[in-house]
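A closer look at the structure
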Amino acid sequence: MLEDLGAGDNPSLTLDEVVEAFGDRGIGALILVLALMALLPWPPGGKAVFAAPIILLALELAFQRNEVWLPRWLLKASVSRAAYIKLLTTPFAAPAWLRRWVLTREFRIGLGDTQARYHFARWVRRLVRRHPRGMTVIRALRSAENLTRPRLPLLNGPVAEVLMGTACVLLAMMMALPVPLGDALPGLAIVFFALGVMQKDGVAVLMGVAGTVLSAGYLFLVWATVSEIVHRLAGWAVGLFN
């Protein structure tokens, strides 16, 4: 179904198309698709396009709604279909800046004529390269579907869905924040919660809980670091005038 979304004639992929394609599969399926799309490296502001509908769908999950509803203005939100296809089918790899740095970096050790040149080890260089047959979003999703199955029913009842919906609301808000690398952990946690809802898999729910805790911890560390930097800068600025 994800691949079918890239086959439309319109150069833009609208949220309305995604809802129409997955609406009959339930709220969990829609949250899963939107969370996967949000994990892709979109331009600045692209995460908010997915965070807003995830928040609304998570609220519907928390309030135990059976029908999917999103406002019309939100359904008109769109992303480039070409970029969607490319990002969906391109194998995972290290960021471009990291690949360039690892593949071209040269270290010189020694003095004068005795200097020796060193590069990163071959296994490190192979690790950051983009492999044509590497893991893609489609392959990762198929593997996840094969691994999940109904288990731990206590974590899939109505009360659990209310808690998961509430957690997904908070995670989507965190995902939309302009925090360096702050969207990956919340996005993955939402993916696990969505898989847990779809497959009735308590293990996936537990992984979502773990991802939520890690996301909160990372956000706290970022906040504490920024606060400390601002505090020190303020103290330095005050010291200039004393």
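What you are looking at is a predicted structure, and each value in this text was computed from that prediction instead of being measured. (Residues numbered from 1 in each chain as written. Predicted model: local features only at pLDDT ≥ 70, side-chain atom pairs only at ≥ 80, totals over all residues. Heavy atoms only, no water.)

Considerations on the environment of Tyr84
Structurally, the position occupied by Tyr84 is in helix α5 (residues 81–89). Put simply, Tyr84 and Leu40 are 44 residues apart on the chain and 8.6 Å apart in space, counted from C-alpha to C-alpha. (Helix = DSSP H or I, 4+ residues; strand = E, 2+ residues; numbered from the N terminus.)

With respect to the packing of helix α2 (residues 27–39) against helix α10 (residues 184–199)
Contact geometry for α2 and α10: axes closest at 8 Å, N-to-C directions at 155°. One way to sum up the angle between α2 and α10 is to call them roughly antiparallel. The two elements α2 and α10 meet at a crossing, and its hand is left-handed. Contacts from Gly28, Ala29, Ile31, Leu32, Ala35, Leu36 and Leu39 of α2 reach α10 at Ala184, Gly187, Leu188, Ile190, Val191, Ala194, Leu195, Val197 and Met198. Residue classes in the contact of α2 with α10 are distributed as 14 nonpolar, two polar and no charged. (Axes fitted to C-alpha atoms, helices over the stretch in contact; angles between N-to-C directions. Parallel < 35°, antiparallel > 145°, perpendicular 65-115°, else oblique. Left-handed = near helix turned anticlockwise from the far one by under 90°. Contact = heavy atoms within 4.5 Å. Nonpolar A, V, L, I, M, F, W, Y, C, P; charged D, E, K, R; others polar.)

Focus: empty space enclosed by the protein
Counted under the stated rule, the structure contains three cavities of 30 Å³ or more. The volume enclosed by the largest cavity comes to roughly 70 Å³. Lining the largest cavity we find Leu13, Thr14, Leu15, Val18, Leu34, Met37, Val49, Phe50, Ala77, Ser78 and Val79. Elements supplying a minimum of two residues to the lining of the largest cavity: β1 (12–14), α1 (15–22), α2, α3 (46–62) and β2 (78–80). Here the residues of the lining of the largest cavity are counted per class, giving nine nonpolar, two polar and no charged. Of the voids in this model, the second largest cavity is the one considered here, and its volume is about 40 Å³. Together, Met174, Val179, Gly182, Leu185, Pro186, Ser215, Tyr218 and Leu219 line the second largest cavity. Looking at the lining of the second largest cavity element by element, the count peaks at three residues for helix α11 (residues 202–240). Looking at the lining of the second largest cavity residue by residue, the classes come out as six nonpolar, two polar and no charged. (1 Å grid on protein atoms, 1.4 Å probe; cavity = no way out; pocket = protein on both sides within 12 Å on 5 of 7 lines; lining within 4 Å. Points joined across faces, edges and corners; volume = space filled by probe spheres on them.)

Side note on the packing of aromatic side chains
Counting across every chain of the model gives one aromatic pair. Relative to Trp223, the ring of Phe220 lies with its centre 6.1 Å away and its plane at 35°, an arrangement referred to as tilted. In this pair, Phe220 and Trp223 are both assigned in helix α11, three residues apart and thus about one turn of the helix distant. Grouping residues by exposure puts Phe220 and Trp223 together as exposed. (Phe/Tyr/Trp six-rings, centres within 6.5 Å; stacked < 30°, edge-to-face > 60°. Buried < 20%, exposed > 50% of the residue type's maximum accessible area, 1.4 Å probe, protein only.)

Side note on the environment of Val19
Looking at the element boundaries, Val19 is found in helix α1. For the pair Val19 and Leu30, spaced eleven residues apart in the sequence, the C-alpha separation amounts to 6.9 Å. Residues in contact with Val19, not counting those within four places in the same chain, are Leu30, Val68, Leu70 and Leu75.

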